[in-house]
Every structure is written in structure tokens, then in C-alpha cells.
Amino acid sequence: MLQEINKFRLIVSVLVCQFAGIIGSVFTVTSIESWYAAIEKPAFNPPGWVFSPVWIILYTLMGISLYLVWEEGLERKDVKVGIFVFGVQLALNALWSILFFGLQSPFYAFIEIILLWLSIFLTIILFGRISKTASLLLIPYLLWVSFAALLNYQIWVLNP
């Protein structure tokens, strides 16, 4: 039998994730037309219009994933730990934009994206112990960040 959806928790979960994206976009928007437009990028760099819809979808999936784990109850230690690690990866997600676009440092952003990737992977493992669906919802995010890490690395190599 399906569990009733707690609309408040679902909305809060999605908005928290979208807010992390908004924080990152503040630093992205200021550099996209100037610094980022002027640096060399690899041939596989997607067109700029791709990034925004992809991230909106990913943040929404992340929010649903967070909601599913939260619904299992904050009195559970595994839920608390999973949500804490989720929060760490969400902060690292926003930090990447600050390093890459704000500080215009592909090198520091690359080091940081490795930590982000590891924290996403750990979140997937921890969420998988609580909700398989919550864990699976994070797979597209991990795949996109894997691609972003490769792209970040190539930009760093092309712009020493």
C-alpha cells in the first residue's frame, strides 16, 4: 500500500536542493559571459543551454531522494547520518561553482569535485540502506558529476 505524501516535507526537500543550485548559479552567471567564454574548452563541452535544465532536474531528483529518506524518520540513526552526508555533498556541490566560476580556478574546482563525487557515492550507499528508490534517484547526479569532473579536468589541462 502506498504511503501518503507529506507535501510539506517534499517541498522543503526539493527547495533545499534547488537553493543550493541558486547559490552556485550566483557565481556562475557572473563569469559565464566573460571568463568562461574566453577559456579553452574540450570538443565534448556541451552547449551552455544544456546545463540549467540538467541541474534543475538533478536538484529535483536529489530533493525527492532526500524526502524519501527523511520520511523514514529522524529518530533513526542511519537516517540522521544519511541526511548529514547528503548535506555535506550539497554544500560541496555549491562550493564547486564558487571555486570554478567565482575564483576562476579549474584546479581547485577539480580537487573539490573529486571530494564531491566521493560524497555523492557515499550518500548513495547510505541512502541505499534506507531506501533503494532514494539511492537510485541519485545515480543520474553521480553520472553527471562524473562527466563534469572529466570536463573540469580537461578545462584545467587546456588552461594551465
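Residues numbered from 1 in each chain as written. Predicted model: local features only at pLDDT ≥ 70, side-chain atom pairs only at ≥ 80, totals over all residues. Heavy atoms only, no water.

Draft legend 1. Structural detail: the overall build of the chain. For the chain, the helix and strand inventory stands at seven helices and zero strands. In terms of C-alpha radius of gyration, the chain reaches 16 Å, essentially the compact-globule figure of 15 Å for 160 residues. Projected onto its principal axes, the C-alpha positions of the chain cover 55 × 25 × 25 Å. The burial tally for the chain puts 43% of its 160 residues in the buried class. In the chain, once contacts between residues fewer than 6 apart in sequence are set aside, the share between residues at least 24 apart is 80%. In the form shown here, the chain has an accessible surface area of approximately 8,900 Å², with 74% of it arising from carbon and sulfur atoms. In the chain, the 8 positive side-chain charges and the 8 negative ones have mean positions that sit 8 Å from each other. (Helix = DSSP H or I, 4+ residues; strand = E, 2+ residues; numbered from the N terminus. Rg over C-alpha atoms; globule rule 2.2 N^0.38 Å. Buried < 20%, exposed > 50% of the residue type's maximum accessible area, 1.4 Å probe, protein only. Contact = heavy atoms within 4.5 Å. Areas by Shrake-Rupley, 256 points an atom, 1.4 Å probe, with all protein chains shown as cover. Lys, Arg positive; Asp, Glu negative; His and termini not counted. Charge placed at Lys NZ, Arg CZ, Asp CG, Glu CD.)

Draft legend 2. Region of interest: the side chain of S105. Positionally, S105 belongs in the loop between α4 (77–102) and α5 (106–128). Among the polar contacts listed, one links the side chain of S105 to the backbone nitrogen of Y108, at a separation of 3.1 Å. Every residue in contact with S105, bar those within four places of it in the chain, is listed here: L99 and F100. (Polar contact = N/O pair within 3.5 Å; in protein donor to acceptor, adjacent residues only side chain to side chain.)

Draft legend 3. Main features of the environment of N159. Mapped onto the secondary structure, N159 falls in the segment after α7 (139–158). Sequence-wise, N159 and W35 are 124 residues apart; in three dimensions their C-alpha atoms are separated by 11 Å. Within the local environment of N159, its side chain forms a polar contact with the backbone oxygen of I155, the two atoms lying 2.8 Å apart.

Draft legend 4. Highlighting the nonpolar core. Among the nonpolar cores identified, the biggest contains 37 residues, and M62, F86, F100, I113 and Y141 are the most heavily contacted of them. When residues of this core are traced back to their parent elements, those giving at least two are α1 (7–32), α2 (35–38), α3 (51–70), α4, α5 and α7. Those residues in contact with Y141 that lie beyond four places of it in its chain are W55, L58, M62, Q89, N93, L116 and I120. (Core = buried A, V, L, I, M, F, W, Y, C linked by side-chain atoms within 4.5 Å.)

Draft legend 5. Fine view of unusual backbone geometry. A positive phi angle, close to 50°, is found at Q104, a residue other than glycine. Structurally, Q104 can be placed in the loop between α4 and α5.

Draft legend 6. Region of the structure containing the packing of α1 against α4. Interaxial distance between α1 and α4 falls to 8 Å at its minimum, and their mutual angle equals 10°. By the angle between their axes, α1 is roughly parallel relative to α4. Between α1, through V16, C17, A20, I23, G24, F27, T28, S31 and I32, and α4, the contact on the second element is made entirely by F86, L90, A94, S97, I98, F101 and G102. Split into classes, the residues belonging to the contact of α1 with α4 amount to 11 nonpolar, five polar and no charged. (Axes fitted to C-alpha atoms, helices over the stretch in contact; angles between N-to-C directions. Parallel < 35°, antiparallel > 145°, perpendicular 65-115°, else oblique. Nonpolar A, V, L, I, M, F, W, Y, C, P; charged D, E, K, R; others polar.)

Draft legend 7. Molecular detail of the packing of aromatic side chains. Enumeration according to the criterion identifies 20 aromatic pairs in this entry. Consider the rings of W35 and Y36, whose centres lie 6.4 Å apart with planes at 50°: the pair is tilted. Like Y36, W35 is buried. Considering the side-chain rings of W55 and Y141, the 6.1 Å spacing of their centres and the 75° angle between planes classify their relative orientation as edge-to-face. Of this pair, W55 sits in helix α3 while Y141 is found in helix α7, placing the two residues 86 residues apart along the sequence. (Phe/Tyr/Trp six-rings, centres within 6.5 Å; stacked < 30°, edge-to-face > 60°.)

Draft legend 8. α7, seen in detail. If you check α7, its first and last C-alpha atoms are 29 Å apart, about what 20 residues at 1.5 Å a residue would give, namely 28 Å. Looking only at α7, the buried set comprises Y141, L142, W144, V145, A148, A149, L151, N152 and I155. Those residues of α7 that are buried lie in contact with α2, α3, α4 and α5. (Expected span 1.5 Å × (residues − 1).)

Draft legend 9. Molecular detail of the side chain of Q89. Inspection of the secondary structure assignment puts Q89 in helix α4. Q89 sits in the buried class, given a relative accessible area of 1%. Excluding anything up to four places from it in sequence, Q89 contacts M62, L116, S119, I120, T123 and Y141.

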